[in-house]
Amino acid sequence: MSGKRKKVLLLLQDGPKGMDYLLKSLDTTRPALLPQMRVLEDSYLIIHYNDSYELTTIGKILVEEIVPLLNTLEVFDVDIDYWGNHKLMFAPRSLLSRLREIKGCKVIEPNLVNIYEANKDFIETCATSKDLFFILTFAHPVFTTLSSQFIANGSNIEIIINADLLQKFKANWKKEVQGYIDSEKVKFYLYPNDIELGTFAQNDHYFVLRMLSNNKTYDYSQLFCNGPDALKWGRELFDFYLKDSIPITEI
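Residues numbered from 1 in each chain as written. Predicted model: local features only at pLDDT ≥ 70, side-chain atom pairs only at ≥ 80, totals over all residues. Heavy atoms only, no water.

**Here's the deal with the packing of aromatic side chains**
Two numbers describe a pair of aromatic rings. These are the distance of the centres and the angle of the planes.
In step 1: Taken as a whole and assessed by the stated rule, the structure comprises 14 aromatic pairs.
In step 2: With a centroid separation of 5.2 Å and an interplanar angle of 25 degrees, the aromatic rings of Phe143 and Phe169 are classed as stacked. Of the two residues, Phe143 sits in helix H8 (residues 143–152) while Phe169 sits in helix H9 (residues 163–172), which places them 26 residues apart along the sequence. As far as burial versus exposure is concerned, Phe143 and Phe169 are alike and both buried.
In step 3: Taken together, the ring pairs connect Phe143, Phe169, Trp173 and Phe188 into an aromatic cluster. (Phe/Tyr/Trp six-rings, centres within 6.5 Å; stacked < 30°, edge-to-face > 60°. Helix = DSSP H or I, 4+ residues; strand = E, 2+ residues; numbered from the N terminus. Buried < 20%, exposed > 50% of the residue type's maximum accessible area, 1.4 Å probe, protein only.)

Now the structure itself:
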């Protein structure tokens, strides 16, 4: 299907549109558009009357299939190299099939100077967030500082970790982490299997995801997402790991 015919179908998905509206939206001329409209009519995808056009039932079915595909393509088009070079099996197939819901995400590549800095936009909005959710396979050097800051903000904090990070907590931050647990301000969970991602963090405004590269090494690029659909998707990712996780009550 030509790009112009595809755009016509998408413009008609919300209801009938006049020819003048279509010409203006497509920035084209009537002689250039009419042949494309005839193709769509001959394919039983649109009908027209009084110089207006609308989708047929077949057209509506087709558009319902086109829109999710285009939204998914929009996700990958942001940086196809990023997606192609990272493991995607960090999420269940049910979520991967809905990647279109996180369209609009940005791929951030920290430079060497900032490679160890926490995401500033995310940290700043944590101050106004009721809920904070984390999936961690390593702890940032300022983990305890940030945790204390989040607790002071009165946020509900839930953290899923793997076995390796649990051992690091026991070795380096046992007193601090046990204090968080005893305060009941932070809930820790142990995920008993491999966590197929680097880190995940979500507040009420954004989520940040660091995926593993195809060879399972960690890099510092990150996916930075916001919007209602993206946040819903991110929460479902957290819940996917949470359902098999075991509450940690003592370090």
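Don't stop here, the text continues.
**Some thoughts on the nonpolar core**
In step 1: Membership of the largest hydrophobic core comes to 29 residues, with the highest contact counts inside it found for Phe122, Phe134, Phe143, Ile159, Phe169 and Phe188.
In step 2: Secondary structure elements with two or more residues in this core: helix H7 (120–126), strand S5 (131–136), H8, strand S6 (156–161), H9, helix H10 (174–183), strand S7 (186–190) and strand S9 (206–210).
In step 3: Sequence-distant contacts of Ile159, defined by excluding residues within four places in its chain, comprise Phe134, Leu136, Phe143, Val186, Lys187, Phe188 and Tyr189. (Core = buried A, V, L, I, M, F, W, Y, C linked by side-chain atoms within 4.5 Å. Contact = heavy atoms within 4.5 Å.)

**Some words on H9**
In step 1: Buried within H9 we find Leu165, Leu166 and Phe169. Angularly, the buried residues of H9 cover 105 degrees about the axis, an arc narrow enough to put them on a single face. Exposed residues pointing more than 90 degrees away from the buried face of H9 are listed as Asp164 and Ala171.
In step 2: In this structure, the buried side of H9 is in contact with S5, H8, S6, H10, S7 and strand S11 (246–248). (Arc of directions from axis to C-beta.)

**Examining the packing of helix H1 (residues 3–11) against helix H2 (residues 19–26)**
To characterise two packed helices, one gives the angle between the axes of the helices and the distance between these axes.
In step 1: Orientation of H1 relative to H2, taken along the N-to-C sense of each, is 125 degrees, at an axis distance of 11 Å. Of the possible angle classes, the one that applies to H1 and H2 is oblique. The element H1 and its partner H2 pack so that their crossing is right-handed. Across the interface between the two elements, Lys4, Lys7, Val8 and Leu11 from H1 touch Tyr21, Leu22, Ser25 and Leu26 from H2.
In step 2: Here the contact of H1 with H2 is composed, by residue class, of 5 nonpolar, 1 polar and 2 charged. (Axes fitted to C-alpha atoms, helices over the stretch in contact; angles between N-to-C directions. Parallel < 35°, antiparallel > 145°, perpendicular 65-115°, else oblique. Left-handed = near helix turned anticlockwise from the far one by under 90°. Nonpolar A, V, L, I, M, F, W, Y, C, P; charged D, E, K, R; others polar.)

**Regarding the pattern of salt bridges**
In step 1: All told, the structure shown has 6 salt bridges when counted by the stated rule.
In step 2: Close ionic contact of Lys232 with Glu236 constitutes a salt bridge, the shortest N to O distance being 2.7 Å. Highlighted residues: Lys232 and Glu236, both in helix H11 (residues 228–242), separated by 4 residues, approximately one helical turn.
In step 3: A relative accessible area of 26% places Glu236 in the partly exposed class.
In step 4: One network of salt bridges, with partners in common, ties together Arg98, Glu101, Lys232 and Glu236. (Salt bridge = Lys/Arg side-chain N within 4 Å of Asp/Glu carboxyl O.)

**Comments concerning the sheet that holds strand S4 (residues 106–108)**
In step 1: Read from one edge of the open sheet, 8 strands run S4-S10-S9-S8-S5-S6-S7-S11, paired in mixed fashion. The two strands at the open ends of the sheet, each matched to only one other strand, are S4 and S11. This sheet shows a mean twist of 20 degrees between the axes of neighbouring strands, independent of strand direction.
In step 2: With 5 bridges joining them, S6 and S7 adopt parallel strand pairing. Counterpart to Glu158 in the pairing with S7 is Lys187.
In step 3: Contacts from H9 reach S5, S6, S7 and S11, with the element oriented near 110 degrees to S6. (Pairing = 2+ DSSP bridges.)

**Side note on the pairing of strand S8 (residues 199–202)**
In step 1: Of the two faces of S8, the one lined by Thr199 and Ala201 and the one lined by Phe200 and Gln202 are each fully buried.
In step 2: Bridging between S5 and S8 involves 4 bridges; their strand directions are antiparallel. Residue pairing in the sheet places Phe133 in a bridge with Gln202 of S8.
In step 3: Where S8 folds back on S9, the antiparallel hairpin that results is connected by 3 residues.

**Digging into the sheet that holds strand S1 (residues 17–18)**
Strand pairing within a sheet occurs via backbone hydrogen bonds; the two strands may be parallel or antiparallel.
In step 1: With antiparallel pairing, 3 strands are arranged side by side in an open sheet as S1-S3-S2. Since the sheet does not close on itself, it has two edges, and those belong to S1 and strand S2 (46–49), each with one partner.

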